[in-house]
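Observations on the model geometry
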Amino acid sequence: MGDEVIAINHHPIDSIEKALFKYVPTDGDIETSKEQLLTGSMAFNIYYYLFLERPEAFVITFKTTRGMK
């Protein structure tokens, strides 16, 4: 609790989110439903796998309540 993912495979979460938003179907440019879809289920994993990359391993950078890891 309180940890935050900063990057996956050296790609900042903001850029990953922006890239995935292109593939999430919604009405217009509404981002709230896109965020809900990607955070509320396994959809993030599936979209990442289908549209970004399929690495054999992941490098996850996260920030804990005590700092970066």
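Residues numbered from 1 in each chain as written. Predicted model: local features only at pLDDT ≥ 70, side-chain atom pairs only at ≥ 80, totals over all residues. Heavy atoms only, no water.

Concerning helix 3 (residues 43-51)
Among the residues of helix 3, those classed as buried are Ala43, Tyr47 and Tyr48. Buried residues in helix 3, looked at end-on, bunch into an arc of 130°, giving them a common side. Taken together, the buried residues of helix 3 touch strand 1 (4-8), helix 1 (13-21) and helix 2 (32-40). (Buried < 20%, exposed > 50% of the residue type's maximum accessible area, 1.4 Å probe, protein only. Helix = DSSP H or I, 4+ residues; strand = E, 2+ residues; numbered from the N terminus. Arc of directions from axis to C-beta. Contact = heavy atoms within 4.5 Å.)

Some words on the nonpolar core
Among the nonpolar cores identified, the biggest contains 9 residues, and these are Ile8, Ile16, Leu20, Phe21, Val24, Leu38, Ala43, Tyr47 and Tyr48. Among the elements of the structure, helix 1 and helix 3 are those that each provide at least two residues to this core. The contact partners of alanine 43, leaving out residues within four places of it in the chain, are Leu37 and Leu38. (Core = buried A, V, L, I, M, F, W, Y, C linked by side-chain atoms within 4.5 Å.)

Description of the confidence of the model for the protein chain
Confidence in the prediction for the protein chain averages 89 pLDDT; 97% of positions are at 70 or higher. Per-element mean pLDDT across the protein chain ranges from 70 in strand 4 (residues 67-68) up to 96 in strand 2 (residues 11-12). (pLDDT = per-residue confidence, 0-100.)

Quick notes on the environment of tyrosine 23
With respect to the element layout, tyrosine 23 can be found in the loop between helix 1 and helix 2. What makes tyrosine 23 partly exposed here is its relative accessible area of 38%. For the pair formed by tyrosine 23 and threonine 65, sequence separation is 42 residues and the distance between their alpha carbons is 32 Å. With residues up to four places along the chain from it excluded, the contact list for tyrosine 23 reads Tyr47 and Phe51.

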